[in-house]
Amino acid sequence: MAVLKVKFTKTKRDKLAQILWILNWVSVVSGIILFSLGLFLKIEIKKRNEVMAKGDINSVPNMLISVGVIACIINFLGGKICYDCSDASKFSRWKLVMLPYIVCTFCFTFCILVGALMCYTMRNELEESLYLGLRDAIKFYKDTDIPGRCFLKKTVDLLQIGFRCCGNNGFRDWFEIQWVSPRYLNMASKEVLDRLKSNVDGKFLVDGVPFSCCNPSSPRPCIQYQLTNNSAHYNYDFLTEELNIWMKGCREALLDYYTGIMRSIGIAALLIWLFELSVLIGVRYLQTAMKNVLLLGDLEGESDGWLLENSFVETAKYNINIIKNLGKANQISTVSGMNDPNINVQNTDCDKTNITTKSIPAAR
C-alpha cells in the first residue's frame, strides 16, 4: 500500500511543477545563504586564530560552505527538471534521472541537518581550543622582541579591551606568569632582584594586570598593580570592594560570542533544512505522478502520486535485501541445470587403467 497517496489532475500537476520550479530557485538563494554563513563563521574564527589552538573547529564552517555550494548546484538542476515536468513529453528525458536525483537530494538535506546539529555540539571543542590558545598567548605576552610572538601583546590587549575581559579564566591568571618584558625591568633595583630571587624559576611575578584589563567605566582610577595589597591604596579593600578591572575571563567571553553566532547559524540551517525537505517531498510527488501518467498512457487524465510505493516496512525490507545482495555480486552464479565445475570433481589416478568412458550410442 502506497504511503500518503494523493490524486493529481493535469492542472494540479502543472501547478505543482511551476511551484517547485520557483521553490528550487528560492533554494538556490538558501544555498547562497548557507555558503555566506559558513564563510562568515570561518572569517570570525580566522580573526582570532592567534588565541586558538589548532583543532577541528573549522569543520563546521567548511561543511556549511561545501553544503552551500552543493545546494546551489542541486537546486539549479532541480529547477530545470521541475520546469520540464510541466510537459509530459519533456519529462520522458528526465524519467530515469529523477529517482537518483531524489535520493542524492535526500542525502544532501541530511548533510544540512548534520551541519545544523554540529553548530550546537562544537562548544566543547571550541572551549578547549580557546583555553589552550589563550594560555599560550598570555604566556608569550612579554615576548615583544621575539619574531613570531611580537604581535601577541597587541592581540591580547585588543582582545581584552574589545571583549571586556581579563586573562584566560580571570584576572588572577596574570599573577602566575611574567608578563613584563625583561627589557623594562630595572636590574639595579633591589626590589626587582629580590622578586626574581624569590621565585624558583627566576620569574618576575606581580599581583598586577596589563592596562587592557582596566574598566574605563569605573569612577576610580584603574588599580592594576598590587591588587591584593590593601595598604598600597587609599580606601581600598581587595576582599569587599568591587575591582575596577574586568572580572570575566576572555575564554568565557569568546566562548559566549562564538556560541551566540553558531546558535544563530544553527537555527538558520535548521530552517533551510525544513524548507529543502518540503521541496524534496514536492519533487517526489511530482515524479511519481508523472511516472504514473506515462504508465496509464492518458497524458490529460488523473494520476496518483505518493512518497513511497509500498509501506515503510516493505520498503525497508526491500532496500535491506538489495544491500545484502551487493555482497553476493562477486560470487560465481550457477546456470540452471548445471553444477559448479569445481565441485565434486573425481580424482584420477594415472597408474590405474579402470577408467570408465561414456559409450557413444549407436546410430539406428
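The structure displayed is predicted, hence computed values, not measured ones.

Engineer: Explain the confidence of the model for the protein here, please?
Structural biologist: Regions with low pLDDT should not have their predicted coordinates read in detail. Confidence in the prediction for the protein averages 82 pLDDT; 85% of positions are at 70 or higher. pLDDT under 50 marks residues 347–364. Its contacts with residues more than four places away, or in other chains, come to zero contacts.

Engineer: Help me understand the state of the cysteines, please; the structure alone is not making it clear to me.
Structural biologist: Cysteine pairs can be linked by a disulfide, which is a covalent bond between their two sulfur atoms. Under the criterion given, the structure shown has three disulfides. Between the sulfur of Cys-165 and that of Cys-250 lies a disulfide, 2.1 Å long from S to S. On the S-S bond that ties Cys-165 to Cys-250, the torsion sits near 85 degrees, and the link is right-handed. Of the two residues, Cys-165 is situated in the loop between helix H6 (152–163) and helix H7 (190–198) and Cys-250 in helix H8 (residues 250–296); the sequence distance between them amounts to 85 residues. No difference in accessibility class separates Cys-165 from Cys-250, as the two residues are buried. Here Cys-166 is linked by a disulfide to Cys-213, with a sulfur-sulfur distance of 2.1 Å.

Engineer: Can you help me understand the side chain of Thr-105 in this one?
Structural biologist: Along the chain, Thr-105 falls in helix H4 (residues 95–121). Not counting residues within four places of it along the chain, the set of residues in contact with Thr-105 comprises Ile-74 and Leu-280.

Engineer: So what exactly am I meant to see when it comes to H4 here?
Structural biologist: Along an α-helix, a turn takes 3.6 residues, which lines up residues three or four apart on a common side. Its 27 residues give H4 an end-to-end C-alpha distance of 40 Å, which sits within 8% of 39 Å, the value for a rise of 1.5 Å per residue. Residues Met-98, Tyr-101, Ile-102, Thr-105, Phe-108, Thr-109, Ile-112, Leu-113, Gly-115, Ala-116, Met-118 and Cys-119 constitute the buried set of H4.

Engineer: Sorry if this is basic, but what is going on with the packing of H6 against H8 here?
Structural biologist: To describe two helices that pack against each other, one gives the angle between their axes and the distance between the axes. It is the contact of H6 with H8, at a shortest axis distance of 10 Å, that shows an interaxial angle of 65 degrees. Where H6 crosses over H8, the two elements pack in a sense that is left-handed. Facing Leu-159, Gln-160 and Phe-163 of H6, the residues of H8 in contact are Cys-250, Ala-253, Leu-254 and Tyr-257. Grouping the constituent residues of the contact of H6 with H8 by class yields six nonpolar, one polar and no charged.

Engineer: In this structure, what is going on with the nonpolar core? I would like to understand it.
Structural biologist: Proteins that are soluble and globular tend to have nonpolar side chains buried together. Ranked by size, the top nonpolar core spans 81 residues in total, and within it Phe-171, Trp-174 and Val-209 carry the most contacts. Those elements that place two or more of their residues in this core are helix H1 (10–47), helix H2 (59–84), H4, helix H5 (123–139), H6, H7 and H8. For this core, the two domains that each supply at least three residues are domain 1 (3–139 + 252–314) and domain 2 (171–247). Excluding residues that lie within four positions of it along the chain, Trp-174 makes contacts with Ile-138, Tyr-141, Val-156, Gln-160, Cys-166, Gly-167, Trp-179, Val-206, Gly-208, Val-209, Pro-210 and Cys-213.

Engineer: Just checking my understanding: could you explain the pattern of salt bridges for this structure?
Structural biologist: When their charged atoms lie close together, side chains carrying opposite charge are able to pair. Within the structure shown, the criterion is met by 12 salt bridges. In this structure, the salt-bridge partner of Lys-10 is Asp-14, at a minimum N-O distance of 3.0 Å. You can see Lys-10 and its partner Asp-14 sitting in helix H1, four residues apart, about one turn around the helix. A salt bridge links Arg-149 to Asp-143; its shortest N-O distance comes to 3.1 Å. Its relative accessible area of 11% is what places Asp-143 among the buried residues.

Engineer: Explanation requested: the packing of aromatic side chains in the structure shown.
Structural biologist: Two numbers describe a pair of aromatic rings. These are the distance of the centres and the angle of the planes. Inspection of the entire model under this criterion finds 10 aromatic pairs. Summarising the aromatic geometry, the rings of Phe-8 and Tyr-285 are spaced 6.0 Å apart at their centres and angled 55 degrees between planes, so their arrangement reads as tilted. On the criterion of sequence distance, the pair formed by Phe-8 in strand S1 (residues 6–8) and Tyr-285 in helix H8 is long-range, its members being 277 residues apart. The same class applies to Phe-8 as to Tyr-285, namely buried. Arranged with centres 6.2 Å apart and planes meeting at 75 degrees, the rings of Trp-174 and Trp-179 form a pair that is edge-to-face. The pair formed by Trp-174 and Trp-179 is uniform in burial state, with each residue classed as buried. These aromatic residues form a ring-pair network of at least three members: Tyr-141, Trp-174, Trp-179 and Tyr-225. Geometry around Phe-140 places Arg-149 over its ring, the cationic atom sitting 3.8 Å from the centre.

Engineer: Sorry if this is basic, but what is going on with a nonpolar patch on the surface here?
Structural biologist: A cluster of nonpolar side chains, namely Trp-21, Ile-22, Trp-25, Val-26, Phe-76 and Tyr-83, defines an oily patch on the protein surface of about 610 Å² accessible area. For the nonpolar patch, the elements supplying multiple residues, two or more each, are H1 and H2. Mapped onto the secondary structure, Trp-25 falls in helix H1. Looking at Trp-25, the relative accessible area reads 37%, which means it is partly exposed.

The rules behind the values
Residues numbered from 1 in each chain as written. Predicted model: local features only at pLDDT ≥ 70, side-chain atom pairs only at ≥ 80, totals over all residues. Heavy atoms only, no water. pLDDT = per-residue confidence, 0-100. Contact = heavy atoms within 4.5 Å. Disulfide = S-S within 2.5 Å. Helix = DSSP H or I, 4+ residues; strand = E, 2+ residues; numbered from the N terminus. Buried < 20%, exposed > 50% of the residue type's maximum accessible area, 1.4 Å probe, protein only. Expected span 1.5 Å × (residues − 1). Axes fitted to C-alpha atoms, helices over the stretch in contact; angles between N-to-C directions. Left-handed = near helix turned anticlockwise from the far one by under 90°. Nonpolar A, V, L, I, M, F, W, Y, C, P; charged D, E, K, R; others polar. Core = buried A, V, L, I, M, F, W, Y, C linked by side-chain atoms within 4.5 Å. Domains from an automatic or database assignment. Salt bridge = Lys/Arg side-chain N within 4 Å of Asp/Glu carboxyl O. Phe/Tyr/Trp six-rings, centres within 6.5 Å; stacked < 30°, edge-to-face > 60°. Lys NZ or Arg CZ within 6 Å of the ring centre and 35° of its normal. Patch = residues over 30% accessible without salt bridge, like charges linked within 9 Å, V, L, I, M, F, W, Y side chains within 5 Å. Areas by Shrake-Rupley, 256 points an atom, 1.4 Å probe, with all protein chains shown as cover.

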